[in-house]
Amino acid sequence: MDGPGEEGLLSTARTPAGRAFTLRRARFILLCLLPGAVFVALFTYYPMIRGAVIAFQRYNLFDLTSTPFTGFENFRAVLAEDRFWTALRNTGTWVVVSLIFQFFLGFGLALLLRGHFRGRGLYQAWVFFPWAMSGFLIGLLWRWMFNGQFGVINDLLLKAGLIDERIGFLATPGWAMTSVIVANIWYGVTFFAIMIMAALQSVPRDLYEAASVDGASRLRQFWHVTLPHIRPTLALIVLLRIIWILNFPDLIYSMTGGGPAGSTDIITTFLIQQVIGGDYGRAGAVGLLVLGLLLAFSVFYLNATRFEKAR
């Protein structure tokens, strides 16, 4: 027997009993959502708004007796610091180099994991393992590996005959940035492998079969079938990864603390240093500058990568 239909439900909702039931259900839904909304408001939006307000105050942790509004003084002070511009340049290097290697290595791993071979499950577990670890812990791990006195990297290079004496990787400006980028590449490859492998699973098999019947090689199938379908996904995950890499000071801070001499400082480690120094006003200003930079880049990137998914 057919149900009352849409018109029957609407007519029921117009009755006093129906309206009372609808109101009770609405109140119940709101009560269920309330704890989550309060939690998000307290621990996400309130700190964000408070940090934005502090950016326009002289707010020093060691002198809270006077916290006057100073307009854009904190922004001018931050932009006048050479360390800020050094950190900004380092951020560009950190993001671009890490992203390129993570993307292409992750893409290659995703293509390998897509196939069926013996021990595939163990191989996947080995590849996905870094993503289960915290950035700070990974930084400590690589800090020991790159140690200039007893690190395993130096030991392997010496045994391979590639170097004659130990290198102070984390104590030399050029080597320090290279070292943290290598660690970040190792960590981020997993993200791209997971996301791209999931995207590859969405490509219809019949398209490959049709392309194969038409005589298309594996390379042409990849270029004309695989890429058009996963291009929107690739654009999105690249954007997400850029944002995450830029906001990923954990690894650098646990490996070098931004040193030596600020050579591995990025914009977010520079922000942490402002917080540790007690100058919350400048820290808030740096945070707003980072937010503005990310918003501007995201708008530009999304407009530049508008792809229609292939049919």
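Thresholds, definitions, all that
- Residues numbered from 1 in each chain as written.
- Predicted model: local features only at pLDDT ≥ 70, side-chain atom pairs only at ≥ 80, totals over all residues.
- Heavy atoms only, no water.
- Axes fitted to C-alpha atoms, helices over the stretch in contact; angles between N-to-C directions.
- Helix = DSSP H or I, 4+ residues; strand = E, 2+ residues; numbered from the N terminus.
- Parallel < 35°, antiparallel > 145°, perpendicular 65-115°, else oblique.
- Left-handed = near helix turned anticlockwise from the far one by under 90°.
- Contact = heavy atoms within 4.5 Å.
- Buried < 20%, exposed > 50% of the residue type's maximum accessible area, 1.4 Å probe, protein only.
- Expected span 1.5 Å × (residues − 1).
- Bend = angle between axes of the 7 residues up to and from the residue.
- UniProt positions renumbered as here; feature names shortened; annotations may be inferred.

## Observations regarding the packing of helix α8 (residues 173–200) against helix α10 (residues 218–246)
Right, so step 1: As a packed pair, α8 and α10 sit with axes 10 Å apart at the nearest point and diverge in direction by 150 degrees. Taken as axis vectors, α8 and α10 run roughly antiparallel relative to one another. You can see that α8 and α10 cross each other, and the crossing is right-handed. Judged by residue contacts, N184, Y187, G188, F191, F192, M195, I196, A199 and L200 of α8 engage T226, I230, T233, L234, I237, V238, R241, W244 and I245 from α10.

## Overview of the environment of Q221
Right, so step 1: Tracing the backbone shows Q221 in helix α10.
Right, so step 2: With relative accessibility at 10%, the residue Q221 sits in the buried group.
Right, so step 3: Considering only alpha carbons, one finds Q221 and E209, 12 residues apart in sequence, at a separation of 9.7 Å.

## A few points about α10
Right, so step 1: Taking 1.5 Å of rise per residue, 29 residues should cover 42 Å, yet α10 covers just 36 Å from first to last C-alpha, more than 12% shy of that figure.
Right, so step 2: Most pronounced at R231, the bend in α10 amounts to some 50 degrees, and the proline P232 follows within four residues.

## Concerning the UniProt feature "transmembrane region" (unreviewed entry) in the chain
Right, so step 1: UniProt annotation of "transmembrane region" (unreviewed entry) refers to residues 28–46, 92–113, 125–145, 175–200, 221–246 and 283–302 when read in the numbering used here.
Right, so step 2: When the span residues 175–200 is considered, its composition is 100% helix and 0% strand, and the gap between its end C-alpha atoms is 36 Å.
Right, so step 3: For the annotated span residues 221–246, helix accounts for 100% and strand for 0% of the residues, and the straight-line distance between the end C-alpha atoms is 34 Å.

## Some words on unusual backbone geometry
The phi angle of most residues is negative, glycine excepted, and most peptide bonds adopt the trans form.
Right, so step 1: For the bond from G259 to P260, the omega torsion is -5 degrees, close enough to zero to count as cis.
Right, so step 2: Mapped onto the elements of the fold, P260 is located in the loop between α11 (249–255) and α12 (267–276).
Right, so step 3: Non-glycine residue A261 carries a positive phi angle of around 55 degrees.
Right, so step 4: Along the chain, the position of A261 falls in the loop between α11 and α12.

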